[in-house]
Amino acid sequence: MNIIYLHGFQSSSLSIKGQLLKRYCESRPQWHVHLPDLNMPPHLALEKLAALIQELDQVVLVGSSLGGFYATQLVAKLAVPAVLINPAMQPWHLFRNLFGATQLPYRVNEHWTLDDAQLDYLEQIELPFVQDADKILVLLQQGDEVLDYREAQRYYNGAALVISETQGNHAMEDFADKIPMALQFLSDCLK
């Protein structure tokens, strides 16, 4: 099974959750973790991910925050199973609220500046409802200080499983404890 970890905004392929997943799978040769860097305009990130999915066999996704939004798009487009960790529901609203008109365009790194056209793109590709919901496990923590978990609960209410825990935070610091369950769900989806 090829597991592609989709990190969140301003994270990287070295994200803590991605590294935890990689370390967990290192002693299990049946699982290979891919950690692509997604610090680029959204349309390029989705193109990069779609190309990677097409290159590999037995692909599953684990997406956190903005990576969860991307994963939702890819499940709908390519019918791959996914585990979503505190997924961003409407990232264009989130970024406009965070950065406002005075800080947009927002320089993310030396190669990428987030601008209004990219936020408009994210809004245009929003799915009105979850597609292939039976291939999605959603992990939420009500203590998320960045995103309102209730938005994800409402949107993903038809998913195979939505687990909403009290407390916690956006980083989901106890993710390591959830890896076995997440991988079991993804493995079962491929059968």
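Definitions and cut-offs
Residue positions are counted from 1 within each chain, in the order its sequence is given. Only residues with pLDDT of 70 or above have their local features reported here, since the model is predicted, and side-chain atom pairs are shown and tallied only from 80 upward, although totals for entire chains, interfaces and linings are computed over all residues. Side-chain numbers come from the whole structure's heavy atoms, not from hydrogens or water. Here, a strand pair is defined by DSSP locating no fewer than two bridges between the strands. Helical segments are the DSSP runs of H or I of at least four residues, strand segments are the runs of E of at least two, and each set is numbered from the N terminus. Note on definitions: angles span 0 to 180 degrees between N-to-C directions of axes, and those axes are lines fitted to C-alpha atoms, for helices only across the stretch in contact. Contact criterion: two residues are considered in contact whenever any of their non-hydrogen atoms come within 4.5 Å of each other. Grouping buried Ala, Val, Leu, Ile, Met, Phe, Trp, Tyr and Cys residues that are joined through side-chain atoms within 4.5 Å yields what is termed a nonpolar core. For each residue, the accessible area found with a 1.4 Å probe, counting protein chains only, is set against the maximum for its type, and the residue is called buried under 20%, exposed over 50%, and partly exposed in between.

**Student:** Can you help me understand the sheet that holds strand E8 (residues 161–165) in this one?
**Tutor:** The parallel open sheet is built from six strands, whose spatial order is E2-E1-E3-E4-E7-E8. Whereas interior strands pair on both sides, the edge strands pair on one side only; in this sheet they are strand E2 (32–34) and E8. Each strand axis lies, on average, 15 degrees off the axis of its neighbour in the sheet, ignoring direction. The strands touched by helix H1 (residues 16–26) within the sheet are strand E1 (2–6), E2, strand E3 (59–64) and strand E4 (82–85), with E1 carrying the most contacts at an inclination of about 165 degrees. Lying on the sheet, helix H3 (residues 66–78) is in contact with E1, E3, E4 and strand E7 (136–141); it crosses E3 at an angle near 145 degrees.

**Student:** Can you help me understand the nonpolar core in this one?
**Tutor:** Note on soluble globular proteins: their nonpolar side chains tend to be buried together. One finds Leu6, Phe9, Leu61, Tyr70, Phe95 and Tyr156 to be the most contacted residues of the largest nonpolar core, which totals 48 residues. For Tyr156, the residues in contact, after removing those within four places along its chain, are Gly68, Thr72, Leu84, Pro87, Met89, Val130, Ile136, Val138 and Val162. In this structure, Ile3, Leu21, Val60 and Phe185 belong to the second largest nonpolar core, which totals 21 residues.

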